[in-house]
Amino acid sequence: MKVTSLFCVLVLLACQKQLLPEQPAGKDDQRLSSFCGVDTLKPQNTEQVYGCTNTAYQMQVAIRDSFLLITNAADYQLLVKGSCTPVIDFDKYCLLIGKRQLQQGLQAISYQLYYHCPKNCYEVQVKLQQHLGMQAPNVTWHLLLPKLASAQTVEVKLTIL
């Protein structure tokens, strides 16, 4: 009886997996599962991918207390300046970049990146951690996101600690 029940459960699971619609994969996407859910992704930026340093202060963007998504080289060259402006592969990445005025000095920037399959959306959580210094810097934060498909969106949550 137990063997028959186990066999039936396995058959049902196999059939269910085959009946679920496949999600379209981008050119360079790595599919973490065939089920549509929320996947945690490894955030990447120009420091990791292109070897830039101190981008919080060395990378400048033509905005204030906001963020934008850059999807092509022309906009990137127009809006982003600094000591390290690598040639970003916009066939592979989009650049999510923001600038924020802090009340105290910057101690660290941390990122969390999720892909919400049901919403076809990337969610980015950015945390700017301050220290007790007397300076009030404008800091730039950024992430390289996978190239977005036409219907995909990005949601950003910025937290200042």
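Q: Now, about the overall build of the protein: what can you tell me, with residues and values included?
A: Helix and strand content of the protein: four helices and nine strands. Walking the protein from its N terminus toward its C terminus, one meets helices and strands in the order α-β-α-α-β-β-α-β-β-β-β-β-β. Each of the 161 residues in the protein was classed as buried or not, and the buried ones make up 32%. Residue pairs at least 24 apart in sequence account for 73% of intrachain contacts in the protein once pairs closer than 6 positions are excluded. Roughly 10100 Å² of accessible area belongs to the protein as shown, and the carbon and sulfur atoms make up 56% of that amount.

Q: Could you give an account of the pattern of salt bridges, with specific residues and numbers?
A: For the coordinates displayed, the defined rule picks out two salt bridges. In this structure, D65 and R100 form a salt bridge, with 3.9 Å as the shortest nitrogen-oxygen distance. Pair noted here: D65 is in the loop between strand 2 (59–61) and strand 3 (66–70) and R100 is in strand 5 (residues 93–101), with a separation of 35 residues, a long-range link. Residue classification places R100 among the partly exposed residues on the basis of a relative accessible area of 30%. Ionic pairing is found between E155 and K119, a salt bridge with its closest N-O pair at 3.4 Å. A residue pair is termed long-range when its members are at least 10 positions apart, and E155 in strand 9 (residues 153–160) and K119 in the loop between strand 6 (106–116) and strand 7 (121–130) qualify at 36 residues.

Q: Can you tell me about the nonpolar core, naming the residues and giving the values?
A: Most often, soluble globular proteins keep nonpolar side chains buried together rather than apart. Of all hydrophobic cores here, the largest spans 18 residues; its most connected members are L106, V124, V126, L128, V139, W141 and L145. The contacts of L128, once residues within four sequence positions are left out, are R100, L102, L106, A108, I109, V139, W141, L158, T159, I160 and L161. Core analysis: the second largest hydrophobic core is formed by 13 residues, V61, I63, Y76 and L95 among them.

Q: Provide a residue-level description of the pairing of strand 5, including the pertinent values.
A: A large share of strand 5 lies buried, amounting to seven of its nine residues. Direction of pairing for strand 3 relative to strand 5: antiparallel, over a ladder of five bridges. In the sheet register, S66 faces strand 5, and the bridge partner there is K99. Sheet analysis places strand 5 next to strand 8 (residues 138–146), joined by nine bridges and oriented antiparallel. The partner of G98 across the bridge, within strand 8, is W141.

Q: Hey, could you go over the state of the cysteines for me, with residue numbers and the actual values?
A: Inspection of the entire model under this criterion finds one disulfide. Note on cysteine connectivity: C52 is disulfide-linked to C84, with sulfurs 1.9 Å apart. The sign of the -65° torsion about the S-S bond sets the C52-C84 disulfide as left-handed. Separated by 32 residues along the polypeptide, C52 in the loop between helix 2 (46–50) and helix 3 (55–58) and C84 in the loop between strand 4 (80–82) and strand 5 bring together distant segments of the chain.

Q: Explain the environment of Q44 residue by residue, including any values.
A: Relative to the helices and strands, Q44 is located in the loop between strand 1 (38–41) and helix 2. Relative accessible area serves as the criterion here: at 29%, Q44 is assigned to the partly exposed category. With 101 residues separating them in the primary sequence, Q44 and L145 have C-alpha atoms 7.4 Å apart.

Q: Give a detailed account of the sheet that holds strand 9, specifying residues and quantitative values.
A: Reading across from one edge, 1-6-7-9 is the order of the four strands in this open sheet, with mixed pairing throughout. Each end of this open sheet is capped by a strand with a single partner; those strands are strand 1 and strand 9. Taken over all neighbouring pairs, the strand axes of this sheet differ in orientation by 20° on average, direction set aside. Pairing between strand 6 and strand 7: 10 bridges, direction antiparallel. Within the sheet, the bridge partner assigned to Y115 lies in strand 7 and is Y122.

Parameters and conventions
Residues numbered from 1 in each chain as written. Predicted model: local features only at pLDDT ≥ 70, side-chain atom pairs only at ≥ 80, totals over all residues. Heavy atoms only, no water. Helix = DSSP H or I, 4+ residues; strand = E, 2+ residues; numbered from the N terminus. Buried < 20%, exposed > 50% of the residue type's maximum accessible area, 1.4 Å probe, protein only. Contact = heavy atoms within 4.5 Å. Areas by Shrake-Rupley, 256 points an atom, 1.4 Å probe, with all protein chains shown as cover. Salt bridge = Lys/Arg side-chain N within 4 Å of Asp/Glu carboxyl O. Core = buried A, V, L, I, M, F, W, Y, C linked by side-chain atoms within 4.5 Å. Pairing = 2+ DSSP bridges. Disulfide = S-S within 2.5 Å. Axes fitted to C-alpha atoms, helices over the stretch in contact; angles between N-to-C directions.

That's the geometry; what it means functionally is another story.
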